[in-house]
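Coordinate inspection notes
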There are 4 protein chains.
Amino acid sequence: MANPDRSIDPRIMESAKEEFLSKSYEQVSLRDICSKAGVTTGALYNRFSNKEELFEALVAPTLALIEKFSEQTESNSYSFLDTNELLTIWELTPDTQASIINMLYDNYDGFRLLLCHADGSRHANFLHDFVDDVTDRSYRFVEEAYSRGVCKYLIDKEELHMLLTAYWSTMFEPLIHGLSREKALEHSGIVAKLFNWTNVLGF
Amino acid sequence: MANPDRSIDPRIMESAKEEFLSKSYEQVSLRDICSKAGVTTGALYNRFSNKEELFEALVAPTLALIEKFSEQTESNSYSFLDTNELLTIWELTPDTQASIINMLYDNYDGFRLLLCHADGSRHANFLHDFVDDVTDRSYRFVEEAYSRGVCKYLIDKEELHMLLTAYWSTMFEPLIHGLSREKALEHSGIVAKLFNWTNVLGF
Amino acid sequence: MANPDRSIDPRIMESAKEEFLSKSYEQVSLRDICSKAGVTTGALYNRFSNKEELFEALVAPTLALIEKFSEQTESNSYSFLDTNELLTIWELTPDTQASIINMLYDNYDGFRLLLCHADGSRHANFLHDFVDDVTDRSYRFVEEAYSRGVCKYLIDKEELHMLLTAYWSTMFEPLIHGLSREKALEHSGIVAKLFNWTNVLGF
Amino acid sequence: MANPDRSIDPRIMESAKEEFLSKSYEQVSLRDICSKAGVTTGALYNRFSNKEELFEALVAPTLALIEKFSEQTESNSYSFLDTNELLTIWELTPDTQASIINMLYDNYDGFRLLLCHADGSRHANFLHDFVDDVTDRSYRFVEEAYSRGVCKYLIDKEELHMLLTAYWSTMFEPLIHGLSREKALEHSGIVAKLFNWTNVLGF
DNA sequence: GATGAATGAGCCTTCATTCAT
DNA sequence: TATGAATGAAGGCTCATTCAT
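Calculation criteria
- Residues numbered from 1 in each chain as written.
- Chains lettered and ligands numbered in written order.
- Predicted model: local features only at pLDDT ≥ 70, side-chain atom pairs only at ≥ 80, totals over all residues.
- Heavy atoms only, no water.
- Helix = DSSP H or I, 4+ residues; strand = E, 2+ residues; numbered from the N terminus.
- Buried < 20%, exposed > 50% of the residue type's maximum accessible area, 1.4 Å probe, protein only.
- Contact = heavy atoms within 4.5 Å.
- Areas by Shrake-Rupley, 256 points an atom, 1.4 Å probe, with all protein chains shown as cover.
- Least-squares fit on C-alpha atoms with pLDDT ≥ 70 in both.
- Salt bridge = Lys/Arg side-chain N within 4 Å of Asp/Glu carboxyl O.
- Buried area = accessible area lost by both parts, 1.4 Å probe.
- Polar contact = N/O pair within 3.5 Å; in protein donor to acceptor, adjacent residues only side chain to side chain.
- Nonpolar A, V, L, I, M, F, W, Y, C, P; charged D, E, K, R; others polar.

**Here we look at the overall build of chain A**
- Check the secondary structure of chain A and you find eleven helices and zero strands.
- Starting at the N terminus and walking to the C terminus, you meet the elements of chain A as α-α-α-α-α-α-α-α-α-α-α.
- The 203 residues of chain A split such that 50% are buried.
- By sequence separation, contacts in chain A at least 24 residues apart represent 75% of the contacts at least 6 residues apart.
- Of the roughly 9200 Å² that chain A leaves accessible, carbon and sulfur atoms contribute 49%.

**Considering the relation of the copies chain B and chain A**
- With an RMSD of 0.3 Å, the fit of chain B onto chain A corresponds to turning through 179 degrees and sliding 0.1 Å along the axis. Taken together, the turn and the small shift mark the pair as related by a two-fold rotation axis. The rotation axis passes nearest to the C-alpha of B:Ala166 in chain B, at a distance of 2.7 Å.

**Focus on the side chain of C:Ser188**
Residue and element names in this part refer to chain C.
- Checked against the element boundaries, serine 188 lands in helix H10 (residues 181–194).
- The class for serine 188 is buried, based on a relative accessible area of 3%.
- Once residues lying within four places of it in the same chain are set aside, the contact partners of serine 188 are Gln97, Ala98, Ile101 and Met171.

**A short note on the relation of the copies chain D and chain C**
- For the match of chain D to chain C, the screw axis carries a shift of 0.0 Å, the RMSD comes to 0.2 Å, and the turn is 179 degrees.
- A shared binding surface is used by both copies, with 100% of the interface residues of chain D retained as interface residues in chain C.

**A short note on the pattern of salt bridges**
- Enumeration according to the criterion identifies 52 salt bridges over all chains in this entry.
- A salt bridge links C:Lys23 to C:Glu19; its shortest N-O distance comes to 3.3 Å.
- Overlapping salt bridges bring together A:Glu67, A:Glu74, A:Asp133, A:Arg137 and A:Arg140 as one network.

**A few points about the interface of chain B and chain A**
- With 33 residues of chain B in contact, the opposing surface of chain A contributes 33 residues.
- Carbon and sulfur atoms supply 62% of the area buried between chain B and chain A, which totals about 3100 Å² over both sides.
- It is B:Met162, B:Ile190 and B:Leu194 that lose the most area in chain B upon contact with chain A, and together they represent 22% of the buried surface on that side.
- Our enumeration of links across chain B and chain A arrives at two salt bridges.
- At the boundary of chain B with chain A, the tally comes to nine residue pairs in polar contact (both at pLDDT 80 or more).
- The element contributing the most residues to the side of chain B that touches chain A is helix H9 (residues 157–177) of chain B, with 13 residues.
- Tallied by class, the residues present in the side of chain B that touches chain A amount to twelve nonpolar, twelve polar and nine charged.

Now the structure itself:
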């Protein structure tokens, strides 16, 4: 039985990360991970019940960060709603953009795992799942804004989903494509110019 | 020796498509494809040299279509450039958008294969490869437009790449997400509103 | 049902020879032979019942030649016995040696097939089978010679077998090793010096 | 990853030896070996990376023995050269012959594997490779003897190779043919009578 | 807690051979 | 007579996972 609570052998995690980053989830062999880490498969199975759980452990910090980021963004939105500073959050200021890029690059490996190497794992559709979640939160917010008369009309939820997909695909793109953080920051600016949130949402 | 020129047993192709559409490339078993098709694996290997080639045959028509579409779009652009009707092509009119969506949905399975189930195959990075190609073509065009003084400045190629990634990710999104053609058409309109090409490109 | 009596498509034979000469019997694929010959497997199976029979057809002329050679040598021996010219045949004169080497090199491919590429086929132990046959014939002859008082003692049959193995291994060696006919002829001379038949046989 | 260093399951080795001795390398199935040994193929692959390596392990002791024998024989030759007892080593005394036969029969299975069942493996040409090595060593020795004036002329290396092929083919013959050790010893004597080394080499 | 040999099912691929056309 | 698609069995090999030690 796996015991994920104990501190995990860093050699395993290091080796696992390297392997998962270098090929697709299915192509990764637990044997290879273990021999590279200098441990036996039994040792690995003492900590993780299976391949999936190992991968999970690798992306868990990133997932937690995402959750925290989403919650913070959401609560920020409501504060801005209260203070009528709506535009600040939806305008995609350079600072907002930069903070997102930095969050991504601060967790470079984790995001690459989720975006490029999760096929076959539970997170195969990470981007869509993430956008689904973002959409839910945003829609609740937009409904609230609409009910308060802050936006002129209520966007369709599916449309919102697609727009957010566009936005996040674009934001993730530099990381997926292997651009440097500097390039990514530079380009996040142009994204802001591209996306007319206020226009589309009818603020 | 595989002989891909002959007409291919439709049961194999049908079964292969079903399997590849239902799981990731690597998870698909040739045994399963064959037994579902009611033939032996040997029969499959009469037509295809290996798994990759079978997958290739499945997506070949879609790939050909994409090539044709790209060439046509490119040549259209230049015609518009000659007649100074530049905006027509870059403005993402409802008609343009609809014709793209229709092309996608006319090849629903092929695009789903390429976008969602190609991991592990040669087309693992289909979207990025496609956007790379589109970017090359577009950039050549933009250079020409710039040299003729039609745009005020020349966009950076990497920026263009990212913008096109955003655009195409968004266009593919309904198909990936399983929306109906009607919904997709509907939503392609809002995409047009979102993307300020003329603004960004400096036309 | 195979019909070996008809004239055989020379492309098949040519291609088969090439393949069998280039790898071991088991590694040769009938598919490869056929595709190289530009015919279908069915065509091959019209002429030969199976792989073994095809190989057989390839070495048949060589086998026939060997049989003829053996018979001739045997009958020559008896003539010499009658005329008391025994030494002539057992002395391994340069001419005798040369005629053997020439017979071998006149059927270069056939002998290489039998000596080096027959593993897995009926002729896997060609050399031993050949020497067995030669031994039988020689022993009968030696018995006759002994009964006539031409040799002082009767060699043990197993010893004779081993001596003939030594002799023929040595004679085949240049062909197996890929030496030119010229080199082989040259070396066949020294073999004659090496083998003390008369000494061993007690003539 | 195979770990050939550990002690190897004797059932696998036993079964493998039986299989390899009973058919040609290519005809042997790892499945058969394993099922006969009462283990799964996976168990085999824990110890050996592939079929070749398993075969290798089976013949390794014999190969090592051969190496030791060759080195010893070589160094003995040079000692005899120093003491001018040259004839002792090249005369093929009954003792020398017997010690070779005993070495062969002490490793009966290993030599049979190498001589009769290695086709398709790395040792397909064991006899020729062995004789190549022996020839190299012998030639170096003969050169030294010649330079000291111990032999009257220097034999051609290719001739030496052929003579050694003849000698060793003859020595291996009883083993290949399945003769008993006693018969083999008996016959090794006659071989000594047959080969005129001193005559040929010009000592 | 770690070992690592063993499992057992599965993988892609190849083959000699057959047979309806 | 030739075709060539299909068979059916087998091949070597890999894998995540288990468990006695």
